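# Descriptive structure summary
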Amino acid sequence: MSISVTKLGLAAAQFGLDGGSSSAPRGRSPEAEARDILNIAARARLSVLDASGLFGRAETLLGDLIPRPAPFRITLATARADRGPDYVEAEARASLRRIGVERADSIVVHSPSELCGPHGQALWDRLHRLKDQGLFAKIGVAAHATDDPVGVARRFKPDILQAPASLLDQRLLADGSLQRIAGMGVEVHLRSIFLNGLLFLPPDRVPAQLKGASGRLSRVRRMIAEGRSDPLQAALGFALSRPEGSAVLVGVNSAAELSAVVAAASSPPPDLDWDEMAIDDPVALDPRRWVA
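Residues numbered from 1 in each chain as written. Predicted model: local features only at pLDDT ≥ 70, side-chain atom pairs only at ≥ 80, totals over all residues. Heavy atoms only, no water.

### Some remarks on unusual backbone geometry
Arg-68 connects to Pro-69 through a cis peptide bond whose omega is -5°. Of note, Ser-192 is a non-glycine position whose phi angle comes to about 55°, a positive value. Within the element layout of this structure, Ser-192 appears in the loop between strand E7 (187-191) and helix H10 (214-226). Using a relative accessible area of 30% as the deciding quantity, one classes Ser-192 as partly exposed. Its identity as a non-glycine residue notwithstanding, Asn-196 has a phi of 55°, on the positive side. The topology assignment puts Asn-196 in the loop between E7 and H10. Accessibility expressed as a relative area gives 57% for Asn-196, which makes it exposed. (Helix = DSSP H or I, 4+ residues; strand = E, 2+ residues; numbered from the N terminus. Buried < 20%, exposed > 50% of the residue type's maximum accessible area, 1.4 Å probe, protein only.)

Okay, here's the thing in structure tokens:
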């Protein structure tokens with residue numbers, strides 16, 4: 001299997017196991033689709049299973065579906081810091097039980113703001129204790145580009161930092177932030193590499209608030225086509241070729257989507273001018289500001 005493929009990690013939050021929307025093919029349950037996704041991921045030797053978007057029953061279902069012995073490095077998320085460190089620890093232990101593992105590779109705080117609040121230091125100290133006890137090999141933080149991820153890495157010295165980076169959103173790569181973080185010995189996991197599917201949307205389906213970026217998006221699509229590639233190959237080729245990232249997290253809704261991702265990741269990256277494909281529209285680069 002290609003080294004690029006084994007650098008891939010799978011984000012479980014899109015599986016639909018939490019009872020939310022799922023794009024599983026008609027007539028198939030989210031559980032059946034998730035089982036097939038996990039089996040494909042195991043056969044392709046994907047490295048990471050990021051379960052940080054799942055809680056409660058969804059974790060239990062995931063635990064029922066994971067091939068055994070679990071072939072992935074599993075990442076969990078902390079509960080909210082404002083509930084206090086005892087609650088965070090109790091939920092972390094409950095998550096391990098629900099997924100059916102004694103320990104996980106990592107546990108990630110979902111925002112640096114959690115660490116800057118009144119319970120932040122107590123939360124971080126408790127995570128270190130859980131790491132010392134062997135429940136997690138690593139502790140980390142997920143950050144947005146606007147969170148000063150370099151400052152977060154310097155202040156908290158996490159083992160892992162999850163950060164957005166994509167063909168369209170190259171901010172943390174262009175300014176050297178992720179290179180500096182990796183140089184500190186922090187594992188960088190690239191996420192949002194498809195920027196919520198923006199690169200795949202036809203022009204007439206681009207959200208109204210992103211119309212200002214539509215010309216730039218059309219130009220990027222044209223460059224990809226002229227380079228005899230497609231958006232999936234381009235997005236994966238860009239992310240997997242970045243030396244700053246030790247893992248590249250992708251989200252899929254179906255087994256067919258994951259098969260397409262694995263096939264694209266197994267191919268040589270297209271020969272494209274990556275620098276020319278970055279966009280700088282602040283709304284387009286922040287899906288939290290999109291209007292559905």
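### So, the environment of Glu-33
Inspection of the secondary structure assignment puts Glu-33 in helix H2 (residues 30-44). Take Glu-33: its relative accessible area is 3%, and that puts it in the buried class. Taking the C-alpha atoms as reference points, Glu-33 and Glu-276, separated by 243 residues in sequence, lie 37 Å from one another.

### Brief notes about the nonpolar core
Side chains of nonpolar character tend, in soluble globular proteins, to be buried together. Counting 97 residues, the largest nonpolar core has Leu-8, Leu-10, Leu-62 and Leu-258 as its most contacted members. When near neighbours in sequence (up to four residues on either side) are disregarded, Leu-10 contacts Phe-15, Ile-37, Leu-38, Ala-41, Leu-46, Val-48, Leu-49, Asp-50, Val-250, Val-252 and Leu-258. (Core = buried A, V, L, I, M, F, W, Y, C linked by side-chain atoms within 4.5 Å. Contact = heavy atoms within 4.5 Å.)

### Some details on the layout of surface pockets
Unoccupied space between atoms shows up once a probe the size of one water molecule is rolled over them. The volume enclosed by the largest pocket comes to roughly 1100 Å³. Along its surface, the largest pocket is lined by 40 residues, and Ala-11, Gln-14, Arg-191, Ser-192 and Asn-196 are the ones closest to its centre. Of the residues contributing to the lining of the largest pocket, the split by class is 20 nonpolar, 12 polar and eight charged. (1 Å grid on protein atoms, 1.4 Å probe; cavity = no way out; pocket = protein on both sides within 12 Å on 5 of 7 lines; lining within 4 Å. Points joined across faces, edges and corners; volume = space filled by probe spheres on them. Nonpolar A, V, L, I, M, F, W, Y, C, P; charged D, E, K, R; others polar.)

### Looking at the pairing of strand E1 (residues 8-11)
Bridge count between E1 and strand E8 (residues 247-251): four bridges; the pairing is parallel. Across the sheet, residue Leu-10 finds its bridge partner in E8, namely Val-250. Where E1 meets strand E2 (residues 48-50), three bridges bridge the pair, whose relative direction is parallel. By the bridge assignment for E2, Gly-9 is matched with Val-48. (Pairing = 2+ DSSP bridges.)

### Structural notes on helix H3 (residues 57-65)
Within the span of H3, buried status applies to Ala-58, Glu-59, Leu-61, Leu-62, Gly-63 and Leu-65. Where H3 is buried, its residues meet H2, E2 and helix H4 (85-99).

### Thoughts on the side chain of Ser-229
Checked against the element boundaries, Ser-229 lands in the loop between H10 and helix H11 (231-240). Note on Ser-229: relative accessible area 14%, which makes it buried. Separated by 3.4 Å, the side chains of Ser-229 and Gln-233 make a polar contact. Each residue touching Ser-229, except ones within four places of it in the same chain, is listed here: Ile-224, Ala-234, Pro-270 and Leu-272. (Polar contact = N/O pair within 3.5 Å; in protein donor to acceptor, adjacent residues only side chain to side chain.)

### Remarks on empty space enclosed by the protein
Under the counting rule described, the total for this entry stands at one cavity of 30 Å³ or more. In this structure, the largest cavity spans a volume of roughly 30 Å³. Along its surface, the largest cavity is lined by Ser-166, Leu-167, Leu-168, Ile-193, Phe-194, Leu-195, Leu-199 and Ala-235. Residue classes in the lining of the largest cavity are distributed as seven nonpolar, one polar and no charged.

### Thoughts on the pattern of salt bridges
In this structure the tally under the stated criterion is 16 salt bridges. Taking the shortest distance from any N to any O, the salt bridge between Asp-105 and Arg-73 comes out at 3.9 Å. Of this pair, Asp-105 sits in strand E4 (residues 104-109) while Arg-73 sits in strand E3 (residues 73-77), placing them 32 residues apart in sequence. Put simply, Arg-126 and Glu-89 hold a salt bridge, and the shortest N to O gap is 2.8 Å. Of this pair, Arg-126 sits in helix H6 (residues 120-132) while Glu-89 is found in helix H4, placing the two residues 37 residues apart along the sequence. Each member of the pair, Arg-126 as well as Glu-89, carries the same accessibility label: buried. A cluster of three or more residues bridged by salt bridges with shared partners is formed by Arg-73, Asp-105, Lys-138 and Glu-187. (Salt bridge = Lys/Arg side-chain N within 4 Å of Asp/Glu carboxyl O.)

### Some words on the packing of H11 against helix H12 (residues 255-266)
Running from N to C, H11 and H12 point in directions that differ by 60°, and their axes come no closer than 9 Å. Taken as axis vectors, H11 and H12 run oblique relative to one another. Two packed elements cross with a definite hand, and for H11 against H12 that hand is right-handed. Every residue of H12 that contacts H11 at Leu-232, Gln-233, Leu-236 and Leu-240 is listed here: Ala-260, Val-261, Ala-264 and Ala-265. Residue composition of the contact of H11 with H12, grouped by class: seven nonpolar, one polar and no charged. (Axes fitted to C-alpha atoms, helices over the stretch in contact; angles between N-to-C directions. Parallel < 35°, antiparallel > 145°, perpendicular 65-115°, else oblique. Left-handed = near helix turned anticlockwise from the far one by under 90°.)

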